[in-house]
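Chain by chain, the residues:
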Amino acid sequence: MSSGAGEPVGYSHVPEFHVQVARRANPMLGDGPLLIGGDPLKRGKVVCASDVLRARGIVDGMGMAEALDRVPEAQRAPTDMARAREVSGLLRAAMREVVDAVEIDGLAGFYLRAPRESHEARLLAARLEAAVLERIGLPLHCGVAPARFAARLAAEAASSGTAVVVTAGEFQSWLNDQSLERLPGVGPKTAARLAELG
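Right, let's walk through the structure included here.

Conventions used here
Residues numbered from 1 in each chain as written. Predicted model: local features only at pLDDT ≥ 70, side-chain atom pairs only at ≥ 80, totals over all residues. Heavy atoms only, no water. Helix = DSSP H or I, 4+ residues; strand = E, 2+ residues; numbered from the N terminus. Buried < 20%, exposed > 50% of the residue type's maximum accessible area, 1.4 Å probe, protein only. Contact = heavy atoms within 4.5 Å. Areas by Shrake-Rupley, 256 points an atom, 1.4 Å probe, with all protein chains shown as cover. Phe/Tyr/Trp six-rings, centres within 6.5 Å; stacked < 30°, edge-to-face > 60°. Lys NZ or Arg CZ within 6 Å of the ring centre and 35° of its normal. Axes fitted to C-alpha atoms, helices over the stretch in contact; angles between N-to-C directions. Parallel < 35°, antiparallel > 145°, perpendicular 65-115°, else oblique. Left-handed = near helix turned anticlockwise from the far one by under 90°. Nonpolar A, V, L, I, M, F, W, Y, C, P; charged D, E, K, R; others polar. Salt bridge = Lys/Arg side-chain N within 4 Å of Asp/Glu carboxyl O. Pairing = 2+ DSSP bridges.

1. Remarks on the overall build of the chain
Now for step 1: Assigned secondary structure in the chain consists of eight helices and eight strands.
Now for step 2: For the chain, the residues scored as buried account for 42% of the 198 residues in total.
Now for step 3: Excluding contacts between residues fewer than 6 apart, the proportion of contacts in the chain whose partners are at least 24 apart in sequence is 56%.
Now for step 4: When the accessible surface of the chain is summed, it comes to about 10,700 Å², and 52% of that surface belongs to carbon and sulfur atoms.

2. Structural notes on the packing of aromatic side chains
Now for step 1: Following the criterion strictly, the structure yields three aromatic pairs and no others.
Now for step 2: Each residue in the set Phe149, Phe171 and Trp174 is aromatic and connected to the rest through ring pairs, giving one cluster.
Now for step 3: Taking NZ or CZ as reference, Arg148 lies 4.0 Å from the ring centre of Tyr111, over its face.

3. A few points about the packing of helix H4 (residues 81–96) against helix H5 (residues 118–136)
Now for step 1: Closest axis-to-axis distance for the H4/H5 pair is 9 Å, and the angle between their directions is 135 degrees. Regarding the angle of H4 to H5, the classification is oblique. Helix-helix and strand crossings are classified by hand; for H4 and H5 the assignment is right-handed. In this structure, H4 uses Val87, Leu90, Leu91, Ala93, Ala94 and Met95 to contact H5, whose residues at the interface are Leu128, Ala131, Val132, Arg135 and Ile136.
Now for step 2: The residue makeup of the contact of H4 with H5, split by class, is ten nonpolar, no polar and one charged.

4. Some points on the pattern of salt bridges
Now for step 1: Tallying each qualifying case throughout the model produces nine salt bridges.
Now for step 2: The partner of Arg83 in a salt bridge is Asp80, and the shortest N-O contact between them spans 3.4 Å.
Now for step 3: We note a salt bridge from Arg148 to Glu103, for which the minimum N-O separation is 3.0 Å. Taken together, the residues Arg148 in helix H6 (residues 148–157) and Glu103 in strand S5 (residues 103–105) connect sequence positions 45 residues apart.

5. Side note on the sheet that holds strand S4 (residues 75–77)
Now for step 1: An order of S3-S2-S4 is seen for the three strands of this open sheet, with the pairing classed as mixed. In this open sheet, the two strands that pair with only one neighbour each are strand S3 (46–49) and S4. On average, each strand axis in the sheet is inclined to that of its neighbour by 30 degrees, with strand direction left out of account.
Now for step 2: Here three bridges tie strand S2 (residues 34–37) to S4, and the two strands are oriented parallel to one another. Within S4, the position partnered with Ile36 by the bridge is Ala77.
Now for step 3: Sheet contacts for helix H1 (residues 17–25): S2, S3 and S4; angle to S2, the most-contacted strand, approximately 105 degrees.

Next comes the structure, spelled out in structure tokens:
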């Protein structure tokens, strides 16, 4: 939902959503490296990858065959959109047990109004995380910041049980500490060029 300038915005999401959905459906997949996507023999693409694989250069949209060549020990599971939509519905219901209004962002992300006080924002994040974990057994990461894009970045940097809350007074300093690649609209080439310019 829209928010006035400087108003705190919350963003919550289930990280690696398709990976989490697959593991929830099939516990035999375990906690090892996991790729979700199409058949490598049919030029399928990576839809989602676990964090350990992203650290090794696997990105969404990469050819599944290439990803498996790079990390042959990874398991692969097909994308199950029907199950993902079902879990997404459960996730929305769990969120709305705690907050009346959210703006849905894809299958697993939500924008919401956040309290002005940091400790209240953290308490709200804890309630959201607990509701999602209890209802569907998935982790929820939460971030709060004075701008929508920053709230999302904060949530991406958060971990289960530890929300990232950026106050208006901290915002500029926090933003300066972010890598260029994390900022909206800045790709690898632009980041490299900006780095050259200092």
